[in-house]
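In case you want the letters, here they are:
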Amino acid sequence: MMESTNKIENYLIKVSESMPSLDECVAFVTDPSCGAISTFTGITRDNFKGKTVTKLSYEGYVPMAEKELRKICVEANEKFPSVAKIAAVHILGDCPVSEASVILCASSPHRKDAIFCVEFLIDELKARVPVWKRESYKEGDGESVWKENIEWFNGKHRRIMVKVTEDKE
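Residues numbered from 1 in each chain as written. Predicted model: local features only at pLDDT ≥ 70, side-chain atom pairs only at ≥ 80, totals over all residues. Heavy atoms only, no water.

**Student:** Please give an account of the pattern of salt bridges that cites residues and values.
**Tutor:** Pairs may arise between side chains of opposite charge once their charged atoms sit close together. Taken as a whole, this structure holds 5 salt bridges when the rule is applied. Between Asp94 and Lys55 there is a salt bridge; the shortest N-O distance is 3.3 Å. Of this pair, Asp94 sits in strand S6 (residues 93–96) while Lys55 is found in strand S4 (residues 51–60), placing the two residues 39 residues apart along the sequence. The exposure class assigned to Asp94 is partly exposed, which follows from its relative accessible area of 47%. (Salt bridge = Lys/Arg side-chain N within 4 Å of Asp/Glu carboxyl O. Helix = DSSP H or I, 4+ residues; strand = E, 2+ residues; numbered from the N terminus. Buried < 20%, exposed > 50% of the residue type's maximum accessible area, 1.4 Å probe, protein only.)

Spelled out as structure tokens, the structure:
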């Protein structure tokens, strides 16, 4: 059980309006026993299906989102036991074009576990962490839209969040 306690200290988990930078996340996962650090940074792009995106806005319930992120980090460490440290951070609030909304980092003695760990982290984060995204467009390209996460599962799209509609009779 002591090992689990020590592993928790090796996670930087934050869902907040003030997100650590990529440099801060890399500094956190840096470990003298590791020769590899893999990172993923998700940024707001300026387009979606021909529309001009002006910003993304994220909402979430922080305690629940951070608890789920921690579970994902524990699962990642079980799947990739050589991973020494993990940083998993997500922004809340507005995220302008070209700015980071999510940063994931993992360190391990060799590259493969760090790379596969980060891939696992982003896939699981998108599928399970309760953070919702609203996409805003420039005037004339339509109203802003709450986006549904659709992730890959066994080569097929898997619906994660489903919009509830009321019957209008």
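Next comes the rest of the description.
**Student:** Quick one: what's the story with the sheet that holds strand S2 (residues 36–43), residue by residue and with numbers?
**Tutor:** Pairing in this open sheet of 4 strands is mixed, and the strands run S1-S5-S7-S2 from one edge to the other. Looking along the sheet, the strands with just one partner apiece sit at the ends: strand S1 (11–16) and S2. Ignoring strand direction, the axes of neighbouring strands in this sheet form an average angle of 5 degrees. Sheet contacts for helix H3 (residues 62–79): S1 and strand S5 (85–91); angle to S1, the most-contacted strand, approximately 150 degrees. Its contacts with the sheet place helix H4 (residues 111–128) against S2, S5 and strand S7 (100–108), and it is angled at close to 145 degrees to S7. (Pairing = 2+ DSSP bridges. Axes fitted to C-alpha atoms, helices over the stretch in contact; angles between N-to-C directions. Contact = heavy atoms within 4.5 Å.)

**Student:** Report on the confidence of the model for the protein chain, specifying residues and quantitative values.
**Tutor:** Of the residues in the protein chain, 82% reach a pLDDT of 70 or more, and the chain-wide mean stands at 86. Note on residues 1–6: pLDDT under 50 across the span, and 0 contacts to partners over four residues away in sequence or across chains. The low-confidence segment residues 159–169, where pLDDT is below 50, has 13 contacts with residues more than four positions distant or belonging to other chains. (pLDDT = per-residue confidence, 0-100.)

**Student:** Let's hear about unusual backbone geometry: which residues, and what values?
**Tutor:** For Lys49, which is not glycine, the phi dihedral falls at a positive 50 degrees. Here Lys49 lies in the loop between strand S3 (47–48) and S4. In the Ramachandran plot, Ser98 falls in the positive-phi region, its phi being about 75 degrees despite a non-glycine side chain. Classification of Ser98 as exposed rests on a relative accessible area of 53%.

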